[in-house]
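Given next are the chains, with one letter for each unit.
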Amino acid sequence: QNYLDNFWPDLKAAHELFDSILQARHERESESQENHGKEYPEHLPVEILEAGIKSGRYIQGTLNVNKHRAQLEAFVRLQGFGSKETG
């Protein structure tokens with residue numbers, strides 16, 4: 001902000017962009033504090049997930065995503081299985 005104030009005081013678009021970035025940063029920090037430092041909120045409590053896995057309602061696995069085609073290619077490797085489940 002000091003740089004913009006000192007060297008570009010009349011460049012309104014740059015000041016607006018800086019304010020927008022600063023506001024987005026503050027919103028992200030406040031959301032992170034609300035979620036106790038977690039980047040994403042939990043969808044279900046851990047207890048429900050564990051009970052669902054034990055009952056067979058849910059499955060547990062590892063999500064593998066192709067870093068070059070992340071929007072198109074991913075698979076889940078189930079624990080205890082050697083095969084790949086696609087989805």
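All of these numbers come straight from a predicted model, not from anything done at the bench.

(A) Looking closely at the overall build of the protein. When helices and strands are counted, the protein shows three helices and three strands. Counted from the first residue to the last, the protein has its helices and strands arranged as α-α-α-β-β-β. In the protein, buried positions account for 5% of the 87 residues. Across the protein, contacts joining residues at least 24 apart in sequence account for 0% of those joining residues at least 6 apart.

(B) The arrangement of the side chain of His15 in detail. Note that His15 resides in helix 2 (residues 12-34). You can call His15 buried: its relative accessible area is 17%. Here His15 is in contact with Leu4, Asp5, Trp8 and Pro9, once residues within four sequence places are set aside.

(C) Structural view of a nonpolar patch on the surface. A cluster of nonpolar residues, Tyr3, Phe7, Trp8 and Leu11, forms a patch on the protein surface that exposes about 480 Å² of accessible area. According to the relative accessible area criterion, Trp8 is partly exposed, its value standing at 43%.

(D) The packing of aromatic side chains, seen in detail. Within the structure shown, the criterion is met by one aromatic pair. Look at Tyr3 and Phe7: their rings are 5.2 Å apart centre to centre, the planes differ by 40°, and that puts the pair in the tilted class. Placement of both Tyr3 and Phe7 in helix 1 (residues 2-7) is noted, with a separation of four residues, approximately one turn of the helix. Under the relative-accessibility criterion, Phe7 is labelled exposed at 58%.

(E) Highlighting the environment of Ile59. By the secondary structure assignment, Ile59 is in the loop between helix 3 (46-55) and strand 1 (61-65). Judged by its relative accessible area of 64%, Ile59 is exposed.

Rules behind the numbers
Residues numbered from 1 in each chain as written. Predicted model: local features only at pLDDT ≥ 70, side-chain atom pairs only at ≥ 80, totals over all residues. Heavy atoms only, no water. Helix = DSSP H or I, 4+ residues; strand = E, 2+ residues; numbered from the N terminus. Buried < 20%, exposed > 50% of the residue type's maximum accessible area, 1.4 Å probe, protein only. Contact = heavy atoms within 4.5 Å. Patch = residues over 30% accessible without salt bridge, like charges linked within 9 Å, V, L, I, M, F, W, Y side chains within 5 Å. Areas by Shrake-Rupley, 256 points an atom, 1.4 Å probe, with all protein chains shown as cover. Salt bridge = Lys/Arg side-chain N within 4 Å of Asp/Glu carboxyl O. Phe/Tyr/Trp six-rings, centres within 6.5 Å; stacked < 30°, edge-to-face > 60°.

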